[in-house]
Amino acid sequence: MDIPEFEDLLGRHGEDVSSWPEHRRVEALALLRESDQARALLTEAGLLRKALRPEPVRAPDGLVDRIMRKVASSDPAGKGQAKKPTDKS
């Protein structure tokens, strides 16, 4: 396996070489033992994936408490909601 082929496989299969097809994985691991460039490419691919991973969405502090207070203070039976407008004509 050469560097361009390794780069191609890295792009197609990702930086987790253990998930690559077995015959390609064996060749890739041999290349990684011998090549500083291959190791650098693997490291770069991992850093890129980490940089592109979205940050988890977190609720602001106290949001759950505010929602629960609102629920507790609302009309649990649904009475009084969606009243029809009265006709004053």
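Residues numbered from 1 in each chain as written. Predicted model: local features only at pLDDT ≥ 70, side-chain atom pairs only at ≥ 80, totals over all residues. Heavy atoms only, no water.

(A) Representation of the pattern of salt bridges. Within the structure shown, the criterion is met by 5 salt bridges. Glutamate 5 is paired through a salt bridge with arginine 24; the nearest N and O atoms lie 2.3 Å apart. Here glutamate 5, found in helix H1 (residues 3-13), pairs with arginine 24, found in helix H2 (residues 22-34); they are 19 residues apart in sequence, far enough to count as distant. In this structure arginine 24 comes out as buried when scored by relative accessible area, which is 16%. Measuring nitrogen to oxygen at the nearest pair gives 2.9 Å for the salt bridge that ties glutamate 27 to arginine 24. Taken as a pair, glutamate 27 and arginine 24 lie in helix H2 at a separation of 3 residues, close to a single helical turn. Classification of glutamate 27 as partly exposed rests on a relative accessible area of 33%. In the salt-bridge network here, residues are joined through shared partners; they are Glu5, Arg24 and Glu27. (Salt bridge = Lys/Arg side-chain N within 4 Å of Asp/Glu carboxyl O. Helix = DSSP H or I, 4+ residues; strand = E, 2+ residues; numbered from the N terminus. Buried < 20%, exposed > 50% of the residue type's maximum accessible area, 1.4 Å probe, protein only.)

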